[in-house]
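Chain by chain, the residues:
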Amino acid sequence: SAAEKQGHDWFMRKEIFEQPKAVADTLLGRWSDRGELVLDELRISPEELRRINKIVIVACGSSFYAGMVAKYAIEHWTRVACEVELASEFRYRDPIIDPMTLVVTISQSGETADTLMAIRHAREQQARVIAICNTNGATIPRESDAVIYTHAGPEIGVASTKGFLTQVVACYLLGLYLAQVRGMKYGDEVHAIVDELNSMPDKIQAVLDGIEPVYKLARKMAMSEDAVFFLGRHVGYPVALEGALKLKEIAYLHAEGFAAGELKHGPIAVIEQDTPVFVVVPPEGRDQLHDKVVSNIEEIRARGARTIVLAEEGDAAAESFADMVIPLPKCSTLLQPLVAAVPLQAFACELATAKGHDVDQPRNLAKSVTVE
Ligand code: G6P
């Protein structure tokens, strides 16, 4: 009913707008007075967590992309090798897992069949399993050694939004916690990230407050059946994949995400006059990633692409090659997905609405896929 959607046309749109609160709730109560991260629900002892020598993240759909984002942060903070794998591939390829492997499953519903089978397989090999889940008492958390709940509240729209964002946050908490128990000495960096995490709800809200130009673009693009491409690099790469998935799921458009560094290995061949390409630009930093992505924008634009550029506000270099700029609040590279994913969700939601599709229940898709 309209009341349940709190005045929004779709649950998905309501859930997009709930993200500042969902992220804040997922962060709530995680810090002790001494400034330490507490994850009391992790019933795996610090000793055991110190022995872990490999992390394998297993998930499906948007949850898999949240895992891809998390890998960058977890390896950076913990220096433990972290793989991310589709649950449907994991158990059919004889993966190397043992009691020193930490398997992290990510599932909004906690009922996805492939993910459940993956943890059963992992536990048979004596691996420790931590679930990141949004649904209290679901099968996946029940069959795991421990669970970190995302506190997004019920997600009804089939296409995940607040589920995805809170999964990234929960994975980051886990990564920071592992770094803490393993005695990593990053001091300032970790504290800065913790402070920044706490500032993310306001930044997500700022993106939502400025969403109208994104809606306008979506309504304009709803007239066309053109394929839409998404480019990103580093954590922006899974954001690009997630942006493309949203369009496929609810707008039924051909959409693909690519790693910007792969442009010359194929994707650039499909760029034609007026091909719409969203580009997620990393914040300017020491590592040149920003400049490399900006040159990618220049390259595709020279071939006629219509560039829709998601870049930090005031990023003049990125703006100079943009047909349209979607400004993002300032944040560090690792946290940028929490703001960059939001306009892409809103874009897909508005475009699908303009096309007249049922956004909450897209054709052929189910909220939770409980069969293989
Ligand atoms: C379905 C949903 C997606 C979701 C995926 C994984 O495909 O439509 O939105 O990302 O399942 O679901 P899970 O509940 O395991 O996160």
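Residues numbered from 1 in each chain as written. Predicted model: local features only at pLDDT ≥ 70, side-chain atom pairs only at ≥ 80, totals over all residues.

## Quick look at the sheet that holds strand β9 (residues 306–312)
So, point 1. In space, the five strands of this open sheet follow the order β7-β6-β8-β9-β10, with parallel pairing throughout. Two strands bound the open sheet, and with one partner strand each, they are β7 (255–259) and β10 (324–328). With direction set aside, neighbouring strand axes in the sheet form an average angle of 20 degrees.
So, point 2. With five bridges connecting them, strand β6 (residues 228–232) and β7 associate as parallel partners. By the bridge assignment for β7, Leu231 is matched with Phe258.
So, point 3. Set on the sheet, helix α11 (residues 236–251) makes contact with β6, β7 and β8 (276–280); between it and β7 the angle comes to about 175 degrees. (Pairing = 2+ DSSP bridges. Helix = DSSP H or I, 4+ residues; strand = E, 2+ residues; numbered from the N terminus. Axes fitted to C-alpha atoms, helices over the stretch in contact; angles between N-to-C directions. Contact = placed C-beta atoms within 7 Å.)

## Some remarks on the nonpolar core
So, point 1. Counting 128 residues, the largest nonpolar core has Ile57, Val103, Val168, Val279, Val309 and Leu310 as its most contacted members.
So, point 2. Sorting elements by how many residues they give to this core places helix α8 (residues 162–181) first, with 13 residues.
So, point 3. Val309 has contacts with Val279, Val281, Ile297, Ala318, Glu319, Ala322, Val325 and Ile326, leaving out every residue within four places of it along the chain. (Core = buried A, V, L, I, M, F, W, Y, C linked by C-beta atoms within 7 Å. Buried ≥ 20, exposed ≤ 12 C-beta atoms within 10 Å, placed from the backbone.)

## What about helix α2 (residues 19–27)?
Three- or four-residue spacings in an α-helix give side chains the same orientation, since the helix completes a turn every 3.6 residues.
So, point 1. Among all positions of α2, only Gln19, Pro20, Ala22, Val23, Thr26 and Leu27 are buried. Relative to the axis of α2, the buried residues are bounded by an arc of 165 degrees and lie together on one face.
So, point 2. Where α2 is buried, its residues touch α1 (11–17), α8, α9 (188–209) and α14 (337–354).
So, point 3. Once α2 ends, the next one or two residues include Gly29, with phi positive near 70 degrees. (Arc of directions from axis to C-beta.)

## Things to note about unusual backbone geometry
So, point 1. Residues other than glycine seldom take positive phi values, yet Gln126 does so here, at roughly 70 degrees.
So, point 2. If you trace the backbone, Gln126 turns up in the loop between α6 (113–124) and β4 (128–133).
So, point 3. One non-glycine residue with positive phi stands out, namely Tyr252, at about 55 degrees.
So, point 4. Tracing the backbone through its elements, the reader meets Tyr252 in the loop between α11 and β7.

## Let's talk about the packing of α11 against α14
So, point 1. Two elements in contact, α11 and α14, have axes whose closest approach is 9 Å; the angle formed by their N-to-C orientations is 15 degrees. In terms of orientation, α11 lies roughly parallel with respect to α14. Here α11 and α14 pass one another in a crossing that is right-handed. Note on element contacts: α14 touches α11 through Pro337, Ala340, Ala341, Leu344, Gln345, Ala348, Cys349, Leu351 and Ala352, opposite Gly236, Val239, Glu242, Gly243, Lys246, Leu247, Ile250 and Ala251.
So, point 2. Taken together, the residues that form the contact of α11 with α14 break down as 12 nonpolar, three polar and two charged. (Parallel < 35°, antiparallel > 145°, perpendicular 65-115°, else oblique. Left-handed = near helix turned anticlockwise from the far one by under 90°. Nonpolar A, V, L, I, M, F, W, Y, C, P; charged D, E, K, R; others polar.)

## Here's the deal with the site of the ligand
So, point 1. In the region of the ligand, 16 residues are neighbours, and Gly61, Ser62, Ser107, Ser109 and Thr112 sit closest.
So, point 2. Of the residues belonging to the shell around the ligand, the class tally is five nonpolar, 10 polar and one charged. (Near = placed C-beta within 6 Å.)

## Let's talk about the confidence of the model for the protein chain
So, point 1. Confidence in the prediction of the protein chain, expressed as mean pLDDT, is 95, and 99% of residues score 70 or more.
So, point 2. This prediction of the complex comes with two scores: 0.97 for pTM and 0.97 for ipTM. (pLDDT = per-residue confidence, 0-100.)

## Examining the sheet that holds strand β5 (residues 146–149)
So, point 1. Ordered in space as β2-β1-β3-β4-β5, the five strands form an open sheet in which the pairing is parallel. What marks the edges here is a single partner per strand, and that holds for β2 (81–86) and β5. Across the sheet, the axes of successive neighbouring strands diverge by a mean angle of 20 degrees, strand direction being ignored.
So, point 2. Here β4 pairs with β5 via four bridges, running parallel. The residue bridging Ile130 from the neighbouring strand is Ala146, located in β5.
So, point 3. With respect to the sheet, α8 is in contact with β3 (101–107), β4 and β5, its orientation differing from that of β4 by roughly 145 degrees.

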